Amino acid sequence: MKLPYIIIIDDDIQVLRAIQRDIRNKYRDEYKVAATESANEALELIKELKLKNEEVALFISDQRMPEMEGIRFLEKASEIFPVAKKVLLTAYSDIDAAIKAINNVKLDYYLLKPWHPAEEKLFPVVNDLLDEWHAFYKPDHEATRIIGFQWSPKSHRLKEFLSGNLVPYIWMDIESNAEAEKYLISTNALKTDLPLVVFKDGSFIKDPSLSDLAAQVGLQQKATKEMYDVLIIGGGPAGLAASVYGSCEGLKTLLIEKSNPGGQASSSARIENYLGFPHGLSGAELTQRAITQTLRFGTEVLTPMEVKSITVKDGYKITEMKDGSQVYSRAIVIATGVSYKSLEIAGLDQFTGAGVYYGAAGIEAHACRNEAIYIVGGGNSACQAAMYMSKFAKEVNILIRRDSLSQVAANYLVQNISRTPNINVIPHTDVVACSGSSVLETITLKNAKSGEEQTVPTKALFVYIGMRPGTAWLNDTVLKDEKGFIVCGSDLQKDKSFNTFWKLKREPYMPETSIPGIFASGDVRFGAMTGISSAVGEGSMAIRFVRKYLQEI
Ligand SMILES: Cc1cc2nc3c(=O)[nH]c(=O)nc-3n(C[C@H](O)[C@H](O)[C@H](O)COP(=O)(O)OP(=O)(O)OC[C@H]3O[C@@H](n4cnc5c(N)ncnc54)[C@H](O)[C@@H]3O)c2cc1C
C-alpha cells in the first residue's frame, strides 16, 4: 500500500528543518514527509500528488509566509485534499488569525511555536489527527459499495446506517456513475434489485435488511453473556457515556442501539460547544471516539437491535428485543433520547428518504450540490445543517414561523448565517403541500401573514421541527409525564401515587425511575437539560448510582 503524505510548509528554513526532523523521526515508517519553504511550490506538489492518486493525511503550515498566508494555503490545499487534516503553525501574536481560521477554513489545530518538548506538545496532537484521518479515510478498493438510485428511500437508509456505524462506503448512483452499471452486470442484478451492496471481498447482497448488512460488515448482534451488571438502552451521548463508565469500572456492560450509535449527535455537522474542542468536531467524529473508547474498555455493543419491552422478575431485569431475544441484567439505564417530529402534510410520507429528510444533512449534502434546498425549522440543529449545506447547495432556504432566527437559535449560529450569502431566512412561512412522481419535485410555501402561496421546485427538504421522547415502547412500565418523558429521583415523590409504587426505605436516586435499579439519563429524562455535554454528564453519573444500587442487592 502507498504511504500517505504529511506536508510541511514554512518559509523560515530553520523552523522548517526542525519540525521536519521531528515529524520524520516519529512518523517515517507510516508516512512520507515532504517539506518546502514555498507555499506555491507546495501547491504544485499537491496537484501532482492528486494526479498520481497519492493521498495527503496532514498539512502543517506556518501562518506568516511572504507568498501567501498559511490560512490561505490551507484553504487552497483542502480544495484538493478535503479530508486531510490541517494544522497552522503560529507565533503567539497570530493566535487571533488562528482562531478565525478555525471557522473559516475548518482548521483542525493551531500549534504554538516552539512546540518542544515534541513528545508533549507535538506528537499527541499529530497522533490524534492522524488517527482521525485514518478512521474516515479508506482507499477505494477497501470500501463497501452501495449501488442504487440517488433519491431512493432504501438507498438512503443503507447509507445512513453505514455512516452512523462508522463503516466506510462508496456510494454509486446508477444514473450518473458509469462504473455502477459494471457491478450490476458482475452480480447479475437488475435495476429492480437495487440497492445492491458489494463488499470488499467481492460478496454482495441485493436489497439487504439492516440486520443482514450489519452481520456482513461485522457488527455484533447477539449478546454473549447470560447476565449483565448493567444494560444500556440507546447509544446516543448519554448511553455511550454510561457504557464507557460502566465497563471502565469493571461492570459487565451491554449497550443496545436500534439504528446507529451517536443518536442525535451523530447528525450534527459541527458541534462547537463541547468542552475541550475549541475548533469544534462533527457528531461522527465524537461518536467514533466514544465507540472506540467503550469497545476498548470491553462494552458489548449490539446494533441494529431495538428494545421492545422491559419486565422485572425477582429483582432481575429482562429486556426483550424486537427479534424476540431476551437479555438479563441487574440494572438498566434507559438513554433512548428523543427523535424528530414528522411534518404533517398529506402525501409527504412517501418522499421520506426520497427528497424529505429528518436530520440527515451530513449524508445527503453531496447530492444537493448546486441545488436550491429548503430547511424547515430555525433551531440550533436547523442552523447547523444550513451552515453545512451552504458549502454544497447553490441556495439554502430556512423556513421559520417567527420573525427572525434570533428568537430560536444561538447567537453564534445566527451571526454565521447572516454572513453566509447563499443562505436565505424566510420568515412566517410553512410548507403546506408537496408533489413529485417517485421523488420530491416541488413544495408549496404559505406566508402566514399575507396568506400568499407559492410553489417552488426542489429536490430536498430537511425537517428540523422539534422532538418527542423515545419511550412509546415502554408503555406504563415506568412513570412518565404527559409528554412521555421519564420521571426520576425527587420528581417521583411529587406524584400522588408515589407510595403505591415505591416500597424501599431509601428515596429514589437522582436518575432512578419508578422501578428500583432502572435508571434514565439524557434527553429522555423529564427535566433534563438537553445537549451533548449534559447527556454525557448524566450518562456517566447514572453509573455511579448503578454501582450503589448493585451494592444493595
Ligand atoms: C442535528 C442536531 C445537532 C445538534 N447539535 C448539538 C450541538 O452542537 N451541541 C449540543 O450540545 N447538542 C446538540 N444537539 C442535541 C444533542 O445531540 C442531544 O441533546 C443529545 O444527543 C442527547 O443525547 P441522548 O443520548 O440523551 O439521546 P439521543 O442522542 O437522542 O440518543 C438516543 C439513542 O437511543 C436510540 N434508541 C431509541 N429507542 C431505542 C430502542 N427502543 N432500542 C434501542 N435503541 C433505541 C436511538 O436510536 C438513539 O441513538 C443536536 C441535535 C441534533 C438533532
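Before reading on, note that the structure itself is shown above.
Now for a look at the structure at hand.

1. Overview of the overall build of the protein chain
Secondary structure assignment for the protein chain yields 17 helices and 26 strands. For a compact globule of 553 residues, the expected C-alpha radius of gyration is about 24 Å, and the protein chain comes in at 25 Å, within 12% of that figure. If one aligns the C-alpha atoms of the protein chain with their principal axes, the spans along those axes are about 75 × 60 × 55 Å. Within the protein chain, buried positions represent 52% of all 553 residues. Each charge class in the protein chain can be summarised by its mean position, and for the 62 positive and 67 negative side chains these summaries are 3 Å apart.

2. Overview of the environment of isoleucine 515
Inspection of the secondary structure puts isoleucine 515 in the loop between α16 (498-501) and β26 (518-520). With a relative accessible area of 17%, isoleucine 515 lands in the buried category. Measuring from C-alpha to C-alpha, the distance between isoleucine 515 and proline 469 comes to 19 Å, with 46 residues separating the pair along the chain. Setting aside chain neighbours within four positions, we find isoleucine 515 in contact with Val312, Thr477, Val478 and Trp502.

3. Section: the pattern of salt bridges
Throughout the structure, instances matching the rule amount to 23 salt bridges. One salt bridge in this structure joins arginine 72 and glutamate 75, with 3.1 Å as the shortest N-O distance. Of this pair, arginine 72 and glutamate 75 both sit in helix α3 (residues 70-80), 3 residues apart, which is roughly one turn of the helix. With its nearest N and O atoms 2.8 Å apart, the salt bridge here joins arginine 506 to glutamate 552. Pair noted here: arginine 506 is in the loop between α16 and β26 and glutamate 552 is in helix α17 (residues 532-552), with a separation of 46 residues, a long-range link. Exposure remark for arginine 506: the relative accessible area of 19% places this residue in the buried category. A cluster of three or more residues bridged by salt bridges with shared partners is formed by Lys85, Asp108, Asp128, Glu132 and Arg289.

4. Examining the sheet that holds strand β2 (residues 32-36)
Judged by pairing direction, the sheet is parallel, and its 5 strands sit side by side in the order β2-β1-β3-β4-β5 without closing on themselves. Looking at which strands have only one partner, the edges of the open sheet turn out to be β2 and β5 (109-112). On average, adjacent strands in this sheet sit at an angle of 20° to one another, irrespective of strand direction. Contacting β1 (5-9), β2, β3 (56-62) and β4 (85-90), helix α1 (residues 13-27) crosses the sheet at an angle of about 165° to β1. Of the strands in this sheet, β1, β3, β4 and β5 touch helix α6 (residues 123-136), which is tilted by about 145° from β3.

5. Structural notes on the site of the ligand
Residues in contact with the ligand amount to 37 residues; listed here are only the nearest, Glu257, Gln264, Tyr340, Gln384 and Asp523. A distance of 2.8 Å is found between an oxygen atom of the ligand and a side-chain nitrogen or oxygen belonging to glutamine 264. Valine 307 is positioned with one of its backbone polar atoms (N or O) 3.0 Å from a nitrogen atom of the ligand. Calculation on the ligand without its partners gives an accessible area of 1,000 Å², and the protein chains cover 93% of this total. For the shell around the ligand, the secondary structure elements donating two or more residues are α10 (237-248), β16 (338-340), α13 (380-389) and α17.

6. Regarding the packing of α1 against α6
When two helices pack together, their arrangement is captured by the angle between the axes and the distance separating the axes. Between α1 and α6, the least distance of the axes is 12 Å, while the angle of their chain directions is 55°. One finds that α1 runs oblique with respect to α6. Once α1 is placed against α6, the crossing between them reads as right-handed. Contacts between α1 and α6 involve Asp22, Ile23, Lys26 and Tyr27 from the former and Phe123, Val126, Asn127 and Leu130 from the latter. Looking at side-chain class alone, the contact of α1 with α6 contains 5 nonpolar, 1 polar and 2 charged residues.

7. Focus on the packing of aromatic side chains
Per the counting criterion, the structure on display carries 11 aromatic pairs. Ring geometry for tyrosine 274 against phenylalanine 277: centres 6.1 Å apart, planes inclined by 25°, an arrangement best described as stacked. Residue phenylalanine 277 is classed as buried on the basis of its relative accessible area of 19%. Aromatic ring contacts, followed pair by pair, group Tyr27, Tyr31 and Phe123 into a single cluster. Just above the ring of phenylalanine 123 sits the side chain of lysine 26; from NZ or CZ to the centre is 5.3 Å. One cation-aromatic arrangement involves lysine 159 over tryptophan 171; the distance from NZ or CZ to the ring centre is 4.1 Å.

8. Notes on the sheet that holds strand β6 (residues 144-148)
Overall, mixed pairing links the 4 strands, which are arranged β7-β6-β8-β9 in an open sheet. The open sheet is flanked by β7 (169-173) and β9 (204-206), the only strands paired with a single partner. Adjacent strand axes in the sheet meet at a mean angle of 15° when their direction is disregarded. Both β6 and strand β8 (residues 196-198) contribute to a ladder of 3 bridges, which runs antiparallel. Bridging across to β8, isoleucine 147 finds its partner in leucine 196.

9. Quick look at the packing of α6 against helix α11 (residues 283-297)
Viewed as axis vectors pointing N to C, α6 and α11 meet at an angle of 100°, and their least axial separation amounts to 11 Å. On the basis of their axis angle, the class for α6 and α11 is roughly perpendicular. Two secondary-structure elements touch here, α6 through Asp128, Glu132, Ala135 and Phe136 and α11 through Ala284, Glu285, Gln288 and Arg289. Class assignment for the residues of the contact of α6 with α11 results in 3 nonpolar, 1 polar and 4 charged.

Rules behind the numbers
- Residues numbered from 1 in each chain as written.
- Predicted model: local features only at pLDDT ≥ 70, side-chain atom pairs only at ≥ 80, totals over all residues.
- Heavy atoms only, no water.
- Helix = DSSP H or I, 4+ residues; strand = E, 2+ residues; numbered from the N terminus.
- Rg over C-alpha atoms; globule rule 2.2 N^0.38 Å.
- Buried < 20%, exposed > 50% of the residue type's maximum accessible area, 1.4 Å probe, protein only.
- Lys, Arg positive; Asp, Glu negative; His and termini not counted.
- Charge placed at Lys NZ, Arg CZ, Asp CG, Glu CD.
- Contact = heavy atoms within 4.5 Å.
- Salt bridge = Lys/Arg side-chain N within 4 Å of Asp/Glu carboxyl O.
- Pairing = 2+ DSSP bridges.
- Axes fitted to C-alpha atoms, helices over the stretch in contact; angles between N-to-C directions.
- Near = heavy atom within 4 Å.
- Polar contact = N/O pair within 3.5 Å; in protein donor to acceptor, adjacent residues only side chain to side chain.
- Areas by Shrake-Rupley, 256 points an atom, 1.4 Å probe, with all protein chains shown as cover.
- Parallel < 35°, antiparallel > 145°, perpendicular 65-115°, else oblique.
- Left-handed = near helix turned anticlockwise from the far one by under 90°.
- Nonpolar A, V, L, I, M, F, W, Y, C, P; charged D, E, K, R; others polar.
- Phe/Tyr/Trp six-rings, centres within 6.5 Å; stacked < 30°, edge-to-face > 60°.
- Lys NZ or Arg CZ within 6 Å of the ring centre and 35° of its normal.

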